[in-house]
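# Analysis of the macromolecular model
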Amino acid sequence: MTDYAFIGTAREDGINSGEYNGVFYKKERFECIEEKTFWLSETPDVPSIHPTAGCHRLCVLGLFQDQKSGAHFAFGDTHLDHVSEEARELGAQLIIDNGLSKFKEYPTILVGDFNAEPTERAYQLLKNQLNDSRYVDGVFAYGPKGTFNEFRYDCPWRELVEIDFIFVSKEITVKKVGTLTDSVDHRFPSDHFPVEATIII
């Protein structure tokens, strides 16, 4: 992926241990002006884990400039905990307080595996700040609402759990949103379906 640069760091130690929440962007089109990474714990400025969480979790945010239009926007990627609803709620609040507030004057996109269905408090906290792109008025949506397939190729769409989202700030126009269910030889590349959106900033 030589055309791309990325921001983000390893979640375990902030250096190279553990998974990344990498944000990849085309170097010729976009420039990262500022980057902010914080952990979804009681000590967000250092690599750390919430006491009830199953794993270290973090959020990566960048302020980008579109080299064609000159427009600035913020883009964030996160992965909330899969074990603890308490940790997910704290994580969502930290994203609002430590992340969204920092770049509040810019159009903002926040994506990730939130491990929280729309009925859960973590989702609702973020939905109070941003729009869930799939449910914006007039959007063309395709594919299932559910995104977690558990590698179950024959799972009916109605049984899929909806936990992966693309949130956007209110001024962003969403044209279409899709959940991609492509497979090869009856196998999915991930236990989550990718979600994509076409937006206008």
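These lines cover the structure that appears in this document, whether it is placed above or below. A quick note: this is a predicted structure, and the numbers were derived from the prediction, not measured.

### What to know about the overall build of the chain
For the chain, the helix and strand inventory stands at 2 helices and 11 strands. Of the regular secondary structure in the chain, the N- to C-terminal order runs β-β-β-β-β-α-β-α-β-β-β-β-β. Its C-alpha atoms give the chain a radius of gyration of 17 Å, near enough to 17 Å, the size a compact globule of 201 residues would have. Taken along its principal axes, the extent of the C-alpha atoms in the chain is 45 × 45 × 35 Å. Once local pairs closer than 6 in sequence are excluded, the contacts in the chain between residues at least 24 apart make up 65%. When the accessible surface of the chain is summed, it comes to about 10600 Å², and 48% of that surface belongs to carbon and sulfur atoms.

### So, the nonpolar core
Of all hydrophobic cores here, the largest spans 23 residues; its most connected members are Ile-95, Leu-110, Leu-126 and Phe-167. Going through the elements one at a time, strand S4 (58-66), helix H1 (85-100), helix H2 (121-127) and strand S9 (164-168) are the ones with two or more residues in this core. For this core, the leading source of residues is H1, giving 5 residues. Once you skip the residues sitting within four places of it in the chain, Phe-167 turns out to touch Thr-108, Ile-109, Leu-110, Phe-114, Tyr-123, Leu-126, Lys-127, Leu-130, Asn-131 and Asp-132. The next biggest cluster of nonpolar side chains, apart from the first, holds 16 residues, and it includes Val-23, Val-60, Val-139 and Val-177.

### Overview of the side chain of Ser-133
Structurally, Ser-133 can be placed in the loop between strand S7 (131-132) and strand S8 (140-142). With relative accessibility at 1%, the residue Ser-133 sits in the buried group. Among all residues touching Ser-133, those that are not within four sequence positions of it are Val-139, Ile-166, Val-174 and Val-177.

### Describing the environment of Leu-100
You can see Leu-100 is positioned in helix H1. Residue Leu-100 is classed as buried on the basis of its relative accessible area of 11%. With 29 residues separating them along the chain, Leu-100 and Gln-129 place their C-alpha atoms 8.6 Å apart. Here Leu-100 is in contact with Leu-61, Ile-95, Thr-108, Gln-129 and Leu-130, once residues within four sequence places are set aside.

### Quick notes on the pattern of salt bridges
Per the counting criterion, the structure on display carries 9 salt bridges. The salt bridge partner of Arg-29 is Asp-66, with a shortest N-O separation of 2.9 Å. Highlighted residues: Arg-29 in the loop between strand S2 (23-26) and strand S3 (30-39) and Asp-66 in strand S4, separated in sequence by 37 residues. Accessibility expressed as a relative area gives 31% for Arg-29, which makes it partly exposed. Looking at Asp-66, the relative accessible area reads 9%, which means it is buried. A network of salt bridges, in which partner residues are shared, links Arg-11, Glu-12 and Glu-19.

Calculation rules
- Residues numbered from 1 in each chain as written.
- Predicted model: local features only at pLDDT ≥ 70, side-chain atom pairs only at ≥ 80, totals over all residues.
- Heavy atoms only, no water.
- Helix = DSSP H or I, 4+ residues; strand = E, 2+ residues; numbered from the N terminus.
- Rg over C-alpha atoms; globule rule 2.2 N^0.38 Å.
- Contact = heavy atoms within 4.5 Å.
- Areas by Shrake-Rupley, 256 points an atom, 1.4 Å probe, with all protein chains shown as cover.
- Core = buried A, V, L, I, M, F, W, Y, C linked by side-chain atoms within 4.5 Å.
- Buried < 20%, exposed > 50% of the residue type's maximum accessible area, 1.4 Å probe, protein only.
- Salt bridge = Lys/Arg side-chain N within 4 Å of Asp/Glu carboxyl O.

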